[in-house]
Amino acid sequence: LGNFLNALFYASAHHSIGASTAVFAAVGLLAAAQFSARFRLPRTRLWIPFAAGLGLLAMLGSSERTDVMAHLFGFSAGLSVGVVALPALTRDLLAGKIAGRLLTAISFFIMVAAWGRALLSS
(Lines give C-alpha, C1' and ligand atoms only; values in the text may rest on other atoms or scores of the structure.)
Protein backbone atom coordinates (compact mmCIF):
# COMPACT_ATOMS: atom_id res chain seq x y z
CA LEU A 1 0.00 0.00 0.00
CA GLY A 2 2.86 2.39 0.80
CA ASN A 3 4.59 1.69 -2.50
CA PHE A 4 1.28 2.11 -4.34
CA LEU A 5 0.68 5.49 -2.70
CA ASN A 6 4.24 6.54 -3.50
CA ALA A 7 3.77 5.55 -7.14
CA LEU A 8 0.55 7.57 -7.30
CA PHE A 9 2.26 10.56 -5.69
CA TYR A 10 5.15 10.64 -8.15
CA ALA A 11 3.05 9.48 -11.16
CA SER A 12 5.40 8.60 -14.00
CA ALA A 13 8.40 10.57 -12.75
CA HIS A 14 9.48 7.91 -10.26
CA HIS A 15 10.52 4.35 -11.08
CA SER A 16 11.69 2.95 -7.77
CA ILE A 17 9.98 0.55 -5.39
CA GLY A 18 12.01 -0.23 -2.33
CA ALA A 19 11.82 -2.64 0.55
CA SER A 20 12.44 0.23 2.95
CA THR A 21 8.85 1.33 2.39
CA ALA A 22 7.73 -2.05 3.70
CA VAL A 23 10.07 -1.68 6.68
CA PHE A 24 8.43 1.60 7.61
CA ALA A 25 5.02 -0.01 7.10
CA ALA A 26 6.11 -2.53 9.72
CA VAL A 27 7.09 0.36 12.02
CA GLY A 28 3.61 1.81 11.49
CA LEU A 29 2.04 -1.56 12.28
CA LEU A 30 4.08 -1.79 15.48
CA ALA A 31 2.96 1.70 16.51
CA ALA A 32 -0.66 0.70 15.83
CA ALA A 33 -0.20 -2.50 17.85
CA GLN A 34 1.12 -0.52 20.82
CA PHE A 35 -1.76 1.94 20.44
CA SER A 36 -4.23 -0.95 20.44
CA ALA A 37 -2.63 -2.46 23.55
CA ARG A 38 -2.59 0.88 25.40
CA PHE A 39 -6.14 1.80 24.38
CA ARG A 40 -7.66 -0.68 26.84
CA LEU A 41 -5.54 0.50 29.79
CA PRO A 42 -6.75 3.31 32.03
CA ARG A 43 -4.85 6.60 32.16
CA THR A 44 -2.32 5.91 29.44
CA ARG A 45 -0.77 8.31 27.02
CA LEU A 46 -2.06 7.11 23.66
CA TRP A 47 0.16 9.47 21.68
CA ILE A 48 3.43 7.78 22.76
CA PRO A 49 3.36 4.92 20.17
CA PHE A 50 2.72 7.41 17.37
CA ALA A 51 5.51 9.68 18.57
CA ALA A 52 7.90 6.73 18.84
CA GLY A 53 7.04 5.62 15.31
CA LEU A 54 7.53 9.14 13.97
CA GLY A 55 10.83 9.32 15.85
CA LEU A 56 12.04 6.14 14.13
CA LEU A 57 10.85 7.54 10.81
CA ALA A 58 12.77 10.75 11.41
CA MET A 59 15.97 9.07 12.61
CA LEU A 60 16.16 6.18 10.17
CA GLY A 61 14.10 7.29 7.19
CA SER A 62 15.35 10.74 6.36
CA SER A 63 18.63 11.61 4.77
CA GLU A 64 19.61 13.40 1.61
CA ARG A 65 19.82 10.16 -0.40
CA THR A 66 16.57 8.50 0.65
CA ASP A 67 13.04 8.68 -0.68
CA VAL A 68 11.47 10.33 2.34
CA MET A 69 8.00 10.30 0.81
CA ALA A 70 8.16 6.53 0.27
CA HIS A 71 9.09 6.06 3.91
CA LEU A 72 6.29 8.38 5.01
CA PHE A 73 3.76 6.58 2.81
CA GLY A 74 4.94 3.22 4.15
CA PHE A 75 4.62 4.37 7.75
CA SER A 76 1.19 5.87 7.06
CA ALA A 77 -0.02 2.72 5.33
CA GLY A 78 1.17 0.46 8.15
CA LEU A 79 -0.34 2.74 10.76
CA SER A 80 -3.68 2.94 8.91
CA VAL A 81 -3.95 -0.79 8.30
CA GLY A 82 -2.92 -1.50 11.87
CA VAL A 83 -5.42 0.89 13.43
CA VAL A 84 -8.22 -0.64 11.35
CA ALA A 85 -7.24 -4.33 11.47
CA LEU A 86 -5.78 -4.83 14.95
CA PRO A 87 -8.92 -4.06 16.97
CA ALA A 88 -10.87 -6.54 14.84
CA LEU A 89 -8.24 -9.21 15.36
CA THR A 90 -7.92 -8.63 19.09
CA ARG A 91 -11.69 -8.79 19.65
CA ASP A 92 -11.71 -12.22 18.01
CA LEU A 93 -14.00 -11.09 15.18
CA LEU A 94 -11.65 -12.93 12.88
CA ALA A 95 -10.15 -15.93 14.60
CA GLY A 96 -7.27 -18.27 13.85
CA LYS A 97 -7.18 -19.85 10.42
CA ILE A 98 -9.84 -17.60 8.93
CA ALA A 99 -7.88 -14.45 9.80
CA GLY A 100 -4.66 -15.93 8.44
CA ARG A 101 -6.27 -16.98 5.18
CA LEU A 102 -8.07 -13.68 4.74
CA LEU A 103 -4.96 -11.60 5.36
CA THR A 104 -2.92 -13.86 3.07
CA ALA A 105 -5.49 -13.47 0.30
CA ILE A 106 -5.55 -9.69 0.71
CA SER A 107 -1.74 -9.51 0.62
CA PHE A 108 -1.59 -11.74 -2.44
CA PHE A 109 -4.24 -9.64 -4.22
CA ILE A 110 -2.34 -6.43 -3.50
CA MET A 111 0.89 -7.95 -4.81
CA VAL A 112 -0.76 -9.27 -7.99
CA ALA A 113 -2.51 -5.95 -8.58
CA ALA A 114 0.74 -4.02 -8.17
CA TRP A 115 2.63 -6.30 -10.57
CA GLY A 116 -0.25 -6.19 -13.06
CA ARG A 117 -0.32 -2.42 -12.97
CA ALA A 118 3.46 -2.27 -13.41
CA LEU A 119 3.39 -4.65 -16.38
CA LEU A 120 0.52 -2.82 -18.07
CA SER A 121 2.10 0.60 -17.66
CA SER A 122 5.49 -0.38 -19.09
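That block above? That's the structure.
Because the structure is a prediction, the values reported are computed rather than measured.

K.L.:
With reference to specific residues and values, describe the overall build of the protein chain.
P.N.:
Counting its secondary structure elements, the protein chain contains 5 helices and 0 strands. The order of α-helices and β-strands along the protein chain, N terminus first, is α-α-α-α-α. A separation of at least 24 residues holds for 65% of the contacts in the protein chain among residues at least 6 apart in sequence. Just so you have it, the protein chain exposes about 8,600 Å², and 71% of that area is on carbon and sulfur atoms.

K.L.:
Please set out a nonpolar patch on the surface residue by residue, giving values where relevant.
P.N.:
Side chains of Leu 1, Phe 4, Leu 5, Leu 8, Leu 29 and Val 81 sit close together on the surface and give an oily, nonpolar patch of about 510 Å² of accessible area. The leading source of residues in the nonpolar patch is helix H1 (residues 2-10), at 3 residues. By relative accessible area, which is 44% here, Phe 4 ends up partly exposed.

K.L.:
Residue-level account of the packing of aromatic side chains, with values.
P.N.:
Two numbers describe a pair of aromatic rings. These are the distance of the centres and the angle of the planes. Throughout the structure, instances matching the rule amount to 2 aromatic pairs. Taken together, a centroid distance of 5.1 Å and an interplanar angle of 45° make the contact between Phe 35 and Phe 50 tilted. Here Phe 35 is found in helix H2 (residues 19-39), whereas its partner Phe 50 is found in helix H3 (residues 47-60), with 15 residues between them in sequence. According to the relative accessible area criterion, Phe 50 is partly exposed, its value standing at 24%.

K.L.:
Report on the side chain of His 71, specifying residues and quantitative values.
P.N.:
Along the polypeptide, His 71 turns up in helix H4 (residues 68-90). Of the polar contacts made by the side chain of His 71, one reaches the side chain of Ser 20; its length is 2.9 Å. When near neighbours in sequence (up to four residues on either side) are disregarded, His 71 contacts Ser 20, Thr 21, Phe 24, Leu 57, Gly 61 and Thr 66.

K.L.:
Give me the lowdown on the side chain of Thr 21, citing residues and values where you can.
P.N.:
By the element assignment, Thr 21 lies in helix H2. Taking the relative accessible area as the measure of exposure, Thr 21 reaches 3% and is therefore buried. Once residues within four sequence positions are removed from consideration, Thr 21 is found in contact with Gly 2, Asn 3, Ala 70, His 71 and Gly 74.

K.L.:
Can you tell me about the nonpolar core, naming the residues and giving the values?
P.N.:
Counting 7 residues, the largest nonpolar core is built from Phe 24, Val 27, Ala 31, Ala 32, Leu 57, Phe 75 and Leu 79. Where this core is concerned, the elements lending two or more residues are H2 and H4. When residues of this core are assigned to their parent elements, the largest contribution, 4 residues, is made by H2. With residues up to four places along the chain from it excluded, the contact list for Ala 31 reads Pro 49 and Leu 79.

Rules behind the numbers
Residues numbered from 1 in each chain as written. Predicted model: local features only at pLDDT ≥ 70, side-chain atom pairs only at ≥ 80, totals over all residues. Heavy atoms only, no water. Helix = DSSP H or I, 4+ residues; strand = E, 2+ residues; numbered from the N terminus. Contact = heavy atoms within 4.5 Å. Areas by Shrake-Rupley, 256 points an atom, 1.4 Å probe, with all protein chains shown as cover. Patch = residues over 30% accessible without salt bridge, like charges linked within 9 Å, V, L, I, M, F, W, Y side chains within 5 Å. Salt bridge = Lys/Arg side-chain N within 4 Å of Asp/Glu carboxyl O. Buried < 20%, exposed > 50% of the residue type's maximum accessible area, 1.4 Å probe, protein only. Phe/Tyr/Trp six-rings, centres within 6.5 Å; stacked < 30°, edge-to-face > 60°. Polar contact = N/O pair within 3.5 Å; in protein donor to acceptor, adjacent residues only side chain to side chain. Core = buried A, V, L, I, M, F, W, Y, C linked by side-chain atoms within 4.5 Å.

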